[in-house]
Each structure stands twice: as structure tokens, then as C-alpha cells.
Amino acid sequence: MHGRTAVVTGGTRGVGAGIARAFLDAGAAVVVCARRPSETPLEGAEFAPLDVCDPAAVRDFFDGLPRVDVLVNNAGGAPYRLLADAGPERHARVLELNLVAPLTVSLAAYEHLRRTRGAVVMIGSVSGGRPSPGTAAYGAAKAGLESLARSMAVEWAPEVRVNTLVAGLVRTESASLHYGGDDGVAAVARTVPMGRLAEPSDVGRAAVFLASDAAAYITGASLLVHGGGERPAFLDAATVNRPGASGTSAQGPPARRSPDSDDLPTSRSIDRNGTRGRGETTCGVSPTAEQ
């Protein structure tokens, strides 16, 4: 990334600071922008005050930059608020910050990025792909952000690449607001297959990859950085097929035998309508309520 300039919105703390640090480590010149500077400035990065929800200010900011090779749309977030506990104006502000603002910023940076054949990295969230009670407007905005990025990638190719980094649960200085104290953070971490929350540096390195020449043929894509996702709740709620449950050994579920000829359907197991009798198998799989 030497010789390139990366702009990171919301880059003064949390995930944004991790992204900015990763670009600095990769050799890029980094400009971080936010409404207020950090109490602990990131050494080597230039800070610029900016409200990404102010289109005129955003245009003036990019007009004053000599070049931009990478734009990371990271600014965003939302407080916990059930839908019925707030008016539409509050939810609309969440949509503005997390969806409209990245569009505003990207449009203002477009001419720079076109000249440098640069890249846009949208910081998405797993909240955009699953129910997000308490942050419904945020989840909706992040779902829209992925769609926006895919369309932007098609319209701006081949000069500008646009991808979404879909972040999972990240441990930042504000993690306690979302998960509680150390016990809460540890409990939430156990729901992630990798056994821990992401660090801001994990997200940062993935962002550098998407902006680098190593991803030169990747555009319109969504990269999941979520440690394997979240363990489905029903697996722990079920009373079978888990350690300690009925019919399961302490070491895990019972070994499954390979299907033999007795497991597979024969012509005699199929009636005249082409359907199999209840309880019979298809390719060694017994029918269930889910089927």
C-alpha cells in the first residue's frame, strides 16, 4: 500500500481505529475523519473533523484532498432501541448514518477513486443478514449497504472496485455496552465457532486485503469476517444430539454408520404415485418434520 492514500471514516476508535492502524502498517498514508478527535490519537494518521451526514461538508473535504486510493466507509452504529420505543425520526437517523452517509461519501470520493483506479470498502455487519431485535433500523441499513455496494461495483467497474466487509462480533472499548462485563463478553464469545470475538485488527487486515492488489479481481463481493458466524441457538436448546443429552455420549454425538444397501430405497419401497412410505429413507436420510 506504499504510495497510496486511504480515507477511513469513523477511524478514531474501535473498529475504525483498527482499520486505520492496519493501513498504516501496510505502508499507506491514512486520513481518519470523525466528528471529534480521539483522546489517544493514532500516531502516523492525519485527523480531519467531518460529519458524514453533511453532504456539503463531505464534498468540501474530498475537494481538499490531493488524492484518494482507498475509501473505507466505517462510520456508523446505533444504540439499542426497540422499534416501538422510538419515533420514526430516530430510526431514520440510524438509516441516514449507516446507509445514506456511505453513499454520500462514496459519491464525493468518486472522481479521486476513478483517477487512481481505487477501491471502496464498505464495513457491513452480520446484523444485515439476520434479525436484529433492538437494532432493527441498523440491520436494515447494513442489508441495504451490501446491496448498494453490489450495484456500485457494477456501475463503477472497471475503474473502481467496491466490496463489503461483513463484520461479526468485535471486541472494542465499547463492547460492554453491547455484551455486558467480562462474563458477558466471555459468554458471547462462546457462541462464536472460533471461540472469541474479533479484534479490530482482524477487521483491519481484511480491509487491507480487499483494498490491495491481491484482490484486484474482486468487486461486488461480501467478505464475511465473523469467526464462523454464530452457533444456532436451537443446537443448545435441543435435548438430543449434543454433549450430555439423551442418546449422546459425553464426547459428542454417536458415530453414524455408513449407509449400506438396507438403508437405501428400492423399487419395492416406492408406491405407484412415486412416493415413499412414511419412515423410509431417501439416500440414507430419514424424513423429518423439517423436510
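Going by the structure above, here's the rest.
Read on for an overview of the structure. (Residues numbered from 1 in each chain as written. Predicted model: local features only at pLDDT ≥ 70, side-chain atom pairs only at ≥ 80, totals over all residues. Heavy atoms only, no water.)

### What to know about the pairing of strand β2 (residues 29-34)
For step 1, the next point in the chain: Most of β2 sits inside the fold, with 5 of its 6 residues counted as buried.
For step 2, the next point in the chain: Pairing between strand β1 (residues 5-9) and β2: 5 bridges, direction parallel. Following the sheet pairing, V7 is matched in β2 by V31.
For step 3, the next point in the chain: Viewed along the sheet, the connection from β1 through helix α1 (residues 14-25) into β2 turns out right-handed.
For step 4, the next point in the chain: The pairing of β2 with strand β3 (residues 46-49) spans 4 bridges and is classified as parallel. Paired with C33 across the bridge in β3 is A48. (Buried < 20%, exposed > 50% of the residue type's maximum accessible area, 1.4 Å probe, protein only. Helix = DSSP H or I, 4+ residues; strand = E, 2+ residues; numbered from the N terminus. Pairing = 2+ DSSP bridges. Right-handed = clockwise from strand over helix to strand, strands pointing away.)

### Some details on the environment of N74
For step 1, the next point in the chain: Looking at where N74 falls in the secondary structure, it is placed in the loop between β4 (70-73) and α3 (88-116).
For step 2, the next point in the chain: On the basis of relative accessibility, which here comes to 11%, the residue N74 falls in the buried class.
For step 3, the next point in the chain: Along the sequence, N74 and G124 sit 50 residues apart, while their C-alpha atoms lie 8.2 Å from each other.
For step 4, the next point in the chain: Once residues lying within four places of it in the same chain are set aside, the contact partners of N74 are V8, T9, G10, V15, G16, I19 and I123.
For step 5, the next point in the chain: Of the polar contacts made by the side chain of N74, one reaches the backbone oxygen of G10; its length is 2.9 Å. (Contact = heavy atoms within 4.5 Å. Polar contact = N/O pair within 3.5 Å; in protein donor to acceptor, adjacent residues only side chain to side chain.)

### Digging into a negative patch on the surface
For step 1, the next point in the chain: A cluster of like negative charges, contributed by D51, D54, D60, D63 and E96, occupies part of the molecular surface.
For step 2, the next point in the chain: Its location among the elements puts D54 in the loop between β3 and α2 (55-63).
For step 3, the next point in the chain: Judged by its relative accessible area of 34%, D54 is partly exposed. (Patch = residues over 30% accessible without salt bridge, like charges linked within 9 Å, V, L, I, M, F, W, Y side chains within 5 Å. Areas by Shrake-Rupley, 256 points an atom, 1.4 Å probe, with all protein chains shown as cover. Salt bridge = Lys/Arg side-chain N within 4 Å of Asp/Glu carboxyl O. Lys, Arg positive; Asp, Glu negative; His and termini not counted. Charge placed at Lys NZ, Arg CZ, Asp CG, Glu CD.)

### Observations regarding α3
For step 1, the next point in the chain: Its 29 residues give α3 an end-to-end C-alpha distance of 40 Å, which sits within 8% of 42 Å, the value for a rise of 1.5 Å per residue.
For step 2, the next point in the chain: Considering bend angle alone, the principal kink of α3 is centred on Y110 and spans about 50°.
For step 3, the next point in the chain: Restricting attention to buried positions, one finds in α3 the residues H91, V94, N98, A101, P102, T104, V105, S106, A108, A109, H112 and L113.
For step 4, the next point in the chain: Residues of α3 that are buried make contact with β1, α2, β4, β5 (119-125) and α4 (136-156).
For step 5, the next point in the chain: Phi turns positive, to about 50°, at R117, one or two residues after α3. (Expected span 1.5 Å × (residues − 1). Bend = angle between axes of the 7 residues up to and from the residue.)

### Things to note about the packing of aromatic side chains
For step 1, the next point in the chain: Scanning the entire structure with this criterion turns up 2 aromatic pairs.
For step 2, the next point in the chain: Summarising the aromatic geometry, the rings of F61 and F62 are spaced 4.9 Å apart at their centres and angled 75° between planes, so their arrangement reads as edge-to-face.
For step 3, the next point in the chain: For F61, a relative accessible area of 12% corresponds to the buried category.
For step 4, the next point in the chain: You can call F62 buried: its relative accessible area is 1%.
For step 5, the next point in the chain: When the ring of Y110 is compared with that of W156, the centres are 4.5 Å apart and the planes differ by 40°; the resulting orientation is tilted. Separated by 46 residues along the polypeptide, Y110 in helix α3 and W156 in helix α4 bring together distant segments of the chain. (Phe/Tyr/Trp six-rings, centres within 6.5 Å; stacked < 30°, edge-to-face > 60°.)

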